[in-house]
Amino acid sequence: MRLRFVSTQTLKGLWSNRAMALSVVLVTFVSLIFIGAASLLHKQVGQVRDQWLAKLEIAVYMCPRESNAERCADGEATQKQIDAMDRELKSGEVSKYVDTYTFESKAQALANYKKQMKGSGYEDNVTEADMQVSFRIKLKDPLDYKVVTETLSGRKGVEVVNDQSENLESLLNILNKFMKVSVVLAAIMVLTALLLIPTTIRLSAMSRRDETEIMRYVGASNFFIELPFILEGVVSALLGSVLAVGGLWVAVKYFIKDWLTSAVVWLKTVGTHDVVVLAPMLVSGALIVAALASWITLRRYAKV
């Protein structure tokens with residue numbers, strides 16, 4: 001009987017204040033969309049970084065026969081400079097960071113160039129003498145790439161040290177900016193929800209003041225009187241959170257997995273399983289916030 005009464009009062013309150021309740025649903029939906037998007041973007045940034053680091057290879061290009069680089073003003077790297085670089089990687093200062101390394105001769109460089117440029121019409125424009133030797137380095141810990149790059153860049157006979165970090169950083173910067181925007185918008189919408197929920201509860205309590213007074217006179221406990229109002233906020237937040245999880249799942253499934261992954265095949269992206277893992281936190285968080293906001297409002301302002 002009590003459960004039926006509480007359910008009836010909750011539904012009555014939601015219907016009486018349906019416009020405000022719908023506002024809470026929509027604000028909760030938008031808030032959790034942004035919170036979920038920020039969480040997924042944070043995971044995506046981590047995956048991109050880990051994926052890049054796992055494939056990281058530092059390429060040390062020795063000075064070729066002709067180069068506009070200032071550090072190659074003395075001409076092509078000598079065999080002595082090449083041997084010095086080999087010793088540095090094998091037993092020098094940076095050797096503690098190096099897992100493995102390979103040496104690419106001019107002949108190998110020319111073969112790779114022709115393979116890459118095959119069919120373009122440019123593969124026969126260069127000779128072996130035009131190529132440059134290089135070292136390809138794999139690190140024990142990819143996070144040490146900056147130390148190795150800076151150390152090797154200053155050595156004689158080195159034209160350039162390429163670690164491909166510029167491409168990664170530009171991509172990560174874009175993702176981080178999107179994540180920051182999502183966090184700011186989510187904070188604004190959460191604040192809006194925290195203002196709307198108390199307003200909805202106060203209006204509902206005021207519209208049923210006579211009923212709550214009668215319940216108090218017949219000996220109903222504060223919890224029993226407050227429960228329908230709290231459930232109004234919880235139900236509204238539940239609907240909004242379920243819609244948000246559904247929206248995130250659809251966005252990840254059809255926009256990221258079905259479209260983005262097929263367009264950028266090398267990029268490892270978040271998936272629907274990440275949304276499923278995130279869903280309980282979003283839903284439970286929304287319910288807890290709604291319940292607390294409703295309860296605090298009833299105790300401090302509505303005085304049911």
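Figured I'd write up the structure that's included with this text.

How each quantity is defined
Residues numbered from 1 in each chain as written. Predicted model: local features only at pLDDT ≥ 70, side-chain atom pairs only at ≥ 80, totals over all residues. Heavy atoms only, no water. Helix = DSSP H or I, 4+ residues; strand = E, 2+ residues; numbered from the N terminus. Areas by Shrake-Rupley, 256 points an atom, 1.4 Å probe, with all protein chains shown as cover. Salt bridge = Lys/Arg side-chain N within 4 Å of Asp/Glu carboxyl O. Buried < 20%, exposed > 50% of the residue type's maximum accessible area, 1.4 Å probe, protein only. Core = buried A, V, L, I, M, F, W, Y, C linked by side-chain atoms within 4.5 Å. Contact = heavy atoms within 4.5 Å. Disulfide = S-S within 2.5 Å. Patch = residues over 30% accessible without salt bridge, like charges linked within 9 Å, V, L, I, M, F, W, Y side chains within 5 Å. Phe/Tyr/Trp six-rings, centres within 6.5 Å; stacked < 30°, edge-to-face > 60°. Lys NZ or Arg CZ within 6 Å of the ring centre and 35° of its normal.

1. Comments concerning the overall build of the chain
Across its full length, the chain carries nine helices and four strands. Element order for the chain, N to C, with α for helix and β for strand: α-α-β-α-β-α-β-α-β-α-α-α-α. Accessible area for the chain stands at about 17800 Å²; split by element, carbon and sulfur atoms hold 62% of it.

2. What to know about the pattern of salt bridges
All chains considered together, the criterion is met by seven salt bridges. A salt bridge links R155 to E88; the shortest N-O distance between them is 3.4 Å. Separated by 67 residues along the polypeptide, R155 in the loop between α5 (145-153) and β4 (158-162) and E88 in helix α3 (residues 79-91) bring together distant segments of the chain. Across the pair E104 and R136 runs a salt bridge whose closest N-O atoms are separated by 3.3 Å. In this pair, E104 is assigned in strand β2 (residues 98-104) and R136 in strand β3 (residues 134-139), connecting sequence segments 32 residues apart. Taking the relative accessible area as the measure of exposure, E104 reaches 13% and is therefore buried. When salt bridges with common partners are traced through the structure, they connect E57, E104 and R136 into a single cluster.

3. Let's talk about the nonpolar core
By size, the foremost hydrophobic cluster in this structure holds 28 residues, and its most contacted members are L40, I197, V245, V275 and L282. Going through the elements one at a time, α2 (18-54), α6 (165-207), α8 (222-263) and α9 (272-302) are the ones with two or more residues in this core. When sequence neighbours within four positions are dropped, the list of residues in contact with I197 reads V24, A290, A293 and S294. Membership of the second largest hydrophobic core comes to 24 residues, among which are C63, V98, V133 and L139.

4. Description of the state of the cysteines
Under the counting rule described, the total for this entry stands at one disulfide. A sulfur-sulfur separation of 2.0 Å characterises the disulfide bridge that pairs C63 with C72. Disulfide C63 to C72: torsion about the S-S bond roughly -80°, handedness left-handed. Judged by its relative accessible area of 4%, C63 falls in the buried class. Overall, C72 belongs to the buried group, its relative accessible area being 7%.

5. Looking at a nonpolar patch on the surface
Together, V181, V184, L185 and I188 make up a nonpolar patch on the protein surface, roughly 320 Å² of accessible area in all. By the element assignment, I188 lies in helix α6. What makes I188 partly exposed here is its relative accessible area of 46%.

6. What about the packing of aromatic side chains?
Within the structure shown, the criterion is met by two aromatic pairs. Ring centres of Y101 and F135 lie 6.4 Å apart, and the angle between their planes is 50°; on these two criteria the pair is classed as tilted. Here Y101, found in strand β2, pairs with F135, found in strand β3; they are 34 residues apart in sequence, far enough to count as distant. Ring centres of F103 and F135 lie 5.1 Å apart, and the angle between their planes is 55°; this geometry places the pair in the tilted category. Of this pair, F103 sits in strand β2 while F135 sits in strand β3, placing them 32 residues apart in sequence. Feature note: the residues Y101, F103 and F135 constitute an aromatic cluster, connected by ring pairs. Over the face of the ring belonging to Y254 we find K253, whose NZ or CZ atom lies 4.9 Å from the ring centre.

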